[in-house]
Amino acid sequence: MAPDYQAEAAVFKALGDPKRLAVLELLRSGEKCACVLLDQLELTQSGLSYHMKILVASGLVVSRQAGKWTHYRLNLDGRDRAVRLLRQLTTPEIGADCACGREDGQSNSPSR
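In this text the structure is predicted, and so the values were computed from the model without any measurement. (Residues numbered from 1 in each chain as written. Predicted model: local features only at pLDDT ≥ 70, side-chain atom pairs only at ≥ 80, totals over all residues. Heavy atoms only, no water.)

## Section: the pattern of salt bridges
What counts, and what does not: Here, a salt bridge means any Lys or Arg side-chain nitrogen found within 4 Å of an Asp or Glu carboxyl oxygen.
With the rule as written, the count across this model stands at 3 salt bridges. For the salt bridge of arginine 28 with glutamate 25, the shortest nitrogen-to-oxygen distance reads 3.2 Å.

## Some words on the nonpolar core
To keep things clear, this is the line we draw: Nonpolar core, defined: a set of buried Ala, Val, Leu, Ile, Met, Phe, Trp, Tyr and Cys residues in which side-chain atoms within 4.5 Å join the residues together. Classification of residues uses two cut-offs on accessible area relative to the type maximum, computed with a 1.4 Å probe and protein chains only: under 20% is buried, over 50% is exposed, and between them is partly exposed. Numbering of helices and strands runs from the N terminus, with a helix taken as a DSSP run of H or I at least four residues long and a strand as a DSSP run of E at least two residues long. Any two residues whose heavy atoms approach within 4.5 Å are treated as being in contact.
Counting residues in hydrophobic clusters, the biggest one holds 20 residues, and the most contacted among them are Leu37, Leu48, Met52 and Val61. Among the secondary structure elements, those contributing two or more residues to this core are helix 1 (5-15), helix 2 (18-27), helix 3 (34-40), helix 4 (45-58) and helix 5 (76-90). With residues near it in sequence (within four places) discarded, leucine 48 still touches Ala34, Leu37, Leu38, Leu41 and Leu43.

## Here's the deal with the packing of helix 2 against helix 4
Note the cut-off: Note on geometry: axes are C-alpha line fits, over the in-contact stretch for helices, and angles between N-to-C directions span 0 to 180 degrees. Any angle from 65 to 115 degrees is called roughly perpendicular, while one under 35 is roughly parallel, one over 145 is roughly antiparallel, and all others are oblique. Just so you know the grouping, Ala, Val, Leu, Ile, Met, Phe, Trp, Tyr, Cys and Pro go in nonpolar, Asp, Glu, Lys and Arg go in charged, and all remaining residues, Gly too, go in polar.
Close contact between helix 2 and helix 4 brings their axes to 10 Å; oriented N to C, the two are set at 70°. What the angle tells us is that helix 2 and helix 4 run roughly perpendicular. Here Lys19, Arg20, Val23, Leu24 and Leu27 of helix 2 come into contact with helix 4, specifically with Tyr50, His51, Met52, Ile54 and Leu55. Looking at the contact of helix 2 with helix 4 residue by residue, the class counts come to 7 nonpolar, 1 polar and 2 charged.

## Let's talk about a nonpolar patch on the surface
Basically, it comes down to this: Patch construction takes residues with relative accessible area above 30% that form no salt bridge. Like charges are linked within 9 Å, and nonpolar side chains (Val, Leu, Ile, Met, Phe, Trp, Tyr) are linked within 5 Å. Here the accessible surface of atoms and residues is derived via Shrake-Rupley with a 1.4 Å probe, and residues count as covered only by protein chains that are part of the display.
A grouping of Phe12, Leu15, Leu21, Leu86 and Leu89 is seen on the molecular surface, where their side chains present a nonpolar patch of about 420 Å² in accessible area. Counting only elements with at least two residues in the nonpolar patch, the list comes to helix 1 and helix 5. Along the chain, the position of leucine 15 falls in helix 1. Overall, leucine 15 belongs to the partly exposed group, its relative accessible area being 35%.

## Section: the sheet that holds strand 3 (residues 69-74)
To be explicit about the condition: The pairing criterion for strands is at least two bridges between them, as found by DSSP.
Here 3 strands make up an open sheet; going across it, the order is 1-3-2 and the pairing antiparallel. Both edges of this open sheet fall to strand 1 (32-33) and strand 2 (61-66), since each of them pairs with a single strand only. Of the strand pairs in this sheet, strand 1 and strand 3 are connected by 2 bridges, and their pairing is antiparallel. Its bridge partner being in strand 3, cysteine 33 is matched across the sheet by histidine 71. Here helix 2 sits on the sheet in contact with strand 1, strand 2 and strand 3, set at roughly 80° to strand 3.

## Thoughts on the layout of surface pockets
Over the atoms, a rolling probe the size of a water molecule traces out where space has been left empty. To be explicit about the condition: A pocket, in this scheme, is an open set of points on a 1 Å grid over the protein atoms alone with protein on both sides within 12 Å along at least 5 of 7 lines, while a cavity is a set where a 1.4 Å probe fits but cannot get out; residues line either one if an atom lies within 4 Å of a point. Grid points are joined across faces, edges and corners, and a volume is the space filled by probe spheres set on the points.
Volume-wise, the largest pocket comes out at about 210 Å³. Mapped by element, the contributors of at least two residues to the lining of the largest pocket are helix 2 and helix 5. Ranked by the residues each element gives to the lining of the largest pocket, the list is headed by helix 5, at 4 residues. Among the residues making up the lining of the largest pocket, the classes are represented as 8 nonpolar, 1 polar and 3 charged.

## Section: the pairing of strand 2
Here strand 2 pairs with strand 3 via 6 bridges, running antiparallel. The partner of alanine 66 across the bridge, within strand 3, is tryptophan 69. Taking the residues that link successive antiparallel strands as the turn, the strand 2-strand 3 hairpin has 2 residues, and the phi of glycine 67 there is positive, at about 70°.

Listed below in structure tokens is the structure:
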């Protein structure tokens, strides 16, 4: 089965913005109402909504409605999935043939 690169990219998109990283840092201490996040971040309500939509879609954050406000918390299953994904994508395959055709597995390009 081929990887779902769209879903996998959503995790890295969520982690690729300083405002979203700030939200994750705030959520480390527990569930927060959107009103609390708005008070602590320099965002408009629509800006917060935009960032939270991306974080929820990535699976790193879950939300729940309570009256007119939305509450957010970290999703530990989403975190574990993200860690596994990063480890999988950055771990070399042992014994994999080099695409360049060299037997020693080193590329012809200069190292930086």
